[in-house]
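Descriptive structure summary
Residue strings, one per chain:
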Amino acid sequence: MSEVVVYADGACRGNPGPGGWGAWLRSGEHEKEIFGGEKLTTNNRMELTAVIQALASLNQRCEVTIYTDSEYVKNGITQWIHGWKARGWRTADKKPVKNIELWQRLDELNAAHSVRWRWVKGHSGDPGNERADRLANKGVDAALA
């Protein structure tokens, strides 16, 4: 299986407001940058979209290490999702899970690959996270163009 490293990030100017997502993928000597945005969204939706788009861009099953500065995404996919699914996509206090369609898509893509999830502190000088942040902001700019 190919090994892929992904740095993913989301950005929002206002929350809700115009937002963007970006991801930098690296496998061996190959690398790819992807980004996009929406005119009206939330930061959490853009964080989720960044990892979804990164995983969806892979053409075959891979061993993937995803670095995200979003504890919402990392904790959601590694911990909370099991309870949500067991409760019919409801939170512990019986409310519908927010961004359910994104969580369900991420759950499918996470199962299609062998994924390791890593949290990295945002805006702390990590080169991969800084690159993903720049891509996410390009996504915001594209949404506003």
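This text follows the structure it describes.
A brief look at the structure comes next.

Conventions and cut-offs
- Residues numbered from 1 in each chain as written.
- Predicted model: local features only at pLDDT ≥ 70, side-chain atom pairs only at ≥ 80, totals over all residues.
- Heavy atoms only, no water.
- Buried < 20%, exposed > 50% of the residue type's maximum accessible area, 1.4 Å probe, protein only.
- Helix = DSSP H or I, 4+ residues; strand = E, 2+ residues; numbered from the N terminus.
- Pairing = 2+ DSSP bridges.
- Core = buried A, V, L, I, M, F, W, Y, C linked by side-chain atoms within 4.5 Å.
- Contact = heavy atoms within 4.5 Å.
- Axes fitted to C-alpha atoms, helices over the stretch in contact; angles between N-to-C directions.

A short note on the pairing of strand 4 (residues 62-68)
With respect to burial, strand 4 is a largely interior element, five of its seven residues being buried. Sheet topology places strand 1 (residues 2-12) next to strand 4; seven bridges connect them, and they run parallel. Bridge assignment links Ser2 to a residue of strand 4, and that residue is Cys62. Pairing of strand 4 with strand 5 (residues 114-119) involves six bridges; the strand directions are parallel. Each residue of the ladder has a partner; that of Glu63, found in strand 5, is Ser114.

Some words on unusual backbone geometry
The omega angle of the peptide bond from Asn15 to Pro16 is 10°, so this bond is cis rather than trans. Inspection of the secondary structure assignment puts Pro16 in the loop between strand 1 and strand 2 (17-27). Positive phi, normally seen in glycine, also occurs at Lys94, with a value near 70°. Checked against the element boundaries, Lys94 lands in the loop between helix 2 (71-86) and helix 3 (100-112).

Quick word on the nonpolar core
Val6, Val64, Trp103 and Leu106 are the most contacted members of the largest nonpolar core, which totals 31 residues. The set of elements that each furnish at least two residues to this core consists of strand 1, strand 2, helix 1 (43-56), strand 4, helix 2, helix 3 and strand 5. Residue contributions to this core peak at seven residues, all from helix 1. Discounting residues that sit within four places of it in the chain, Leu106 has contacts with Leu48, Val51, Ile52, Leu55, Val73, Ile77 and Trp117.

Thoughts on the side chain of His113
Assignment of secondary structure puts His113 in the loop between helix 3 and strand 5. Excluding its chain neighbours within four sequence positions, the residues that come into contact with His113 are Leu55, Leu58, Gln60, Arg61, Cys62 and Val64.

Comments concerning the sheet that holds strand 2
Pairing is mixed in the open sheet, where five strands are placed in the order 3-2-1-4-5. The open sheet has two edge strands, strand 3 (30-41) and strand 5, and neither has a second partner. Sheet twist, expressed as the mean angle between neighbouring strand axes with direction ignored, is 20°. By the bridge criterion, eight bridges tie strand 1 to strand 2 in an arrangement that is antiparallel. The partner of Ala8 across the bridge, within strand 2, is Ala23. Against the sheet, helix 2 touches strand 4 and strand 5, its axis set at about 140° to strand 5.

Function cannot be inferred from these measures alone, as they are strictly geometric.
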